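# Structure assessment
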Protein chains: 2
Amino acid sequence: MAERETSSVISADKVEGTAVYDRSGNRLGTVDDVMLDKVSGKALYAIMSFGGFLGMGENHYPLPWSSLTYDPNQGGYVVELTKEQLESAPTYDPAASSTWTPEYGRDIDDYWSSSRSTAPRSRV
Amino acid sequence: MAERETSSVISADKVEGTAVYDRSGNRLGTVDDVMLDKVSGKALYAIMSFGGFLGMGENHYPLPWSSLTYDPNQGGYVVELTKEQLESAPTYDPAASSTWTPEYGRDIDDYWSSSRSTAPRSRV
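Residues numbered from 1 in each chain as written. Chains lettered and ligands numbered in written order. Predicted model: local features only at pLDDT ≥ 70, side-chain atom pairs only at ≥ 80, totals over all residues. Heavy atoms only, no water.

The next thing to look at is the interface of chain B and chain A. Contact with chain B, which involves 38 residues of that partner, is made by 38 residues of chain A. At the junction of chain B with chain A, the criterion picks out zero salt bridges. In this assembly, chain B and chain A are joined by twelve residue pairs in polar contact (both at pLDDT 80 or more). Elements with a minimum of two residues in the side of chain B that touches chain A: strand E1 (9-11), helix H1 (12-15), strand E3 (27-37), strand E4 (43-50) and helix H3 (102-117) of chain B. For the side of chain B that touches chain A, the leading source of residues is E3 of chain B, giving six residues. (Contact = heavy atoms within 4.5 Å. Salt bridge = Lys/Arg side-chain N within 4 Å of Asp/Glu carboxyl O. Polar contact = N/O pair within 3.5 Å; in protein donor to acceptor, adjacent residues only side chain to side chain. Helix = DSSP H or I, 4+ residues; strand = E, 2+ residues; numbered from the N terminus.)

Below, the structure is given as structure tokens:
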């Protein structure tokens, strides 16, 4: 039973801080937070911070949880995404909780569902 | 689709700090942390702090996520548990990450599966 796989149990506090790599092993960023379905407890998005320098100019990107694969060897998550895809992806402002409207959720889902099935493209 | 229910999306950072009530509306404690399945992202346990005074002597209890029901009116989780059940429940030391062995996970599951189906009883 999945519930018994306690060796794969991790605290949300510890997911935060886990590195995210691309397919080539380049570090893209770090998980900041996890967005859960309030009722089911299913993780829907990992918020990944990326860019900037020493925390300045850093952006926060909600990535669909299903796009993350945990790689025990690297001790981090691997995503099938490129820096180019991230650069035009919807960002999230953790300080503005009102940001997460239903429309915003759809924007994220639409961006990643189209971005993952086609070549990277500009959304501007 | 569940993924679209963005009004029910909440940050793990914000689940932490959410109150937990019993069926009668008594506040039992506060969620400290969420234990996730590392691979699927499913929340398996909420770590609830309970007891003590001003953070001293406080205990941390992993509760099966399935035992928590979010009540929007109370703005917190409701559990079908009593203080008596909590008092003899397995505790968790957040400072000792090695605590979470497979045996420990089984102890939690066994305690709550028997405790929830029968009258509260001592496990000492």
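Okay, the side chain of Ser 49 of chain B next. Residues and elements named next belong to chain B. By the element assignment, Ser 49 lies in strand E4. Within the structure, Ser 49 has its side chain in polar contact with the side chain of Asp 32 (distance 3.4 Å). Beyond its immediate sequence surroundings of up to four residues, Ser 49 is in contact with Leu 28, Gly 29, Thr 30, Asp 32, Glu 58, Asn 59 and His 60.

Take the confidence of the model for chain A next. Low pLDDT marks regions whose predicted coordinates should not be analysed in detail. Residue and element names in this part refer to chain A. For chain A, per-residue confidence averages 80 on the pLDDT scale, and 81% of positions sit at 70 or higher. Taken element by element, the predicted model of chain A shows its lowest mean pLDDT in helix H3 (residues 102-117) (82) and its highest in strand E2 (residues 19-21) (95). Contacts for the low-pLDDT stretch residues 1-6, under 50 throughout, to residues beyond four places or in other chains number eleven contacts. Low pLDDT (under 50) marks residues 119-124, which in the prediction has nine contacts with non-local residues, meaning those over four places away or in another chain. Predicted complex, confidence summary: ipTM 0.72, pTM 0.74. (pLDDT = per-residue confidence, 0-100.)

Looking now at the pairing of E4 of chain B. All names here are of chain B. When you tally the buried positions in E4, you get eight out of eight residues, the bulk of the element. Taken together, the six bridges between E4 and strand E5 (residues 59-64) define a ladder with antiparallel strand orientation. Within the sheet, the bridge partner assigned to Ser 49 lies in E5 and is His 60. (Buried < 20%, exposed > 50% of the residue type's maximum accessible area, 1.4 Å probe, protein only. Pairing = 2+ DSSP bridges.)

Let's shift gears to the relation of the copies chain B and chain A. Placing chain B over chain A gives an RMSD of 0.0 Å and needs a rotation angle of 180°, together with 0.0 Å of translation along the axis. These values place the two chain copies in the arrangement generated by a two-fold rotation axis. Measuring from the rotation axis to each C-alpha of chain B, the shortest distance belongs to Lys 42 of chain B, at 2.3 Å. A shared binding surface is used by both copies, with 100% of the interface residues of chain B retained as interface residues in chain A. (Least-squares fit on C-alpha atoms with pLDDT ≥ 70 in both.)

To continue, consider the packing of aromatic side chains. Residue and element names in this part refer to chain A. If you walk through the whole model with that rule in mind, you get ten aromatic pairs over all chains. Plain terms: the ring middles of Tyr 70 and Tyr 77 are 5.2 Å apart, the flat faces sit at 70° to each other, and that makes the pair edge-to-face. Of the aromatic side chains, those joined through ring pairs into one cluster are Trp 65, Tyr 70 and Tyr 77. (Phe/Tyr/Trp six-rings, centres within 6.5 Å; stacked < 30°, edge-to-face > 60°.)

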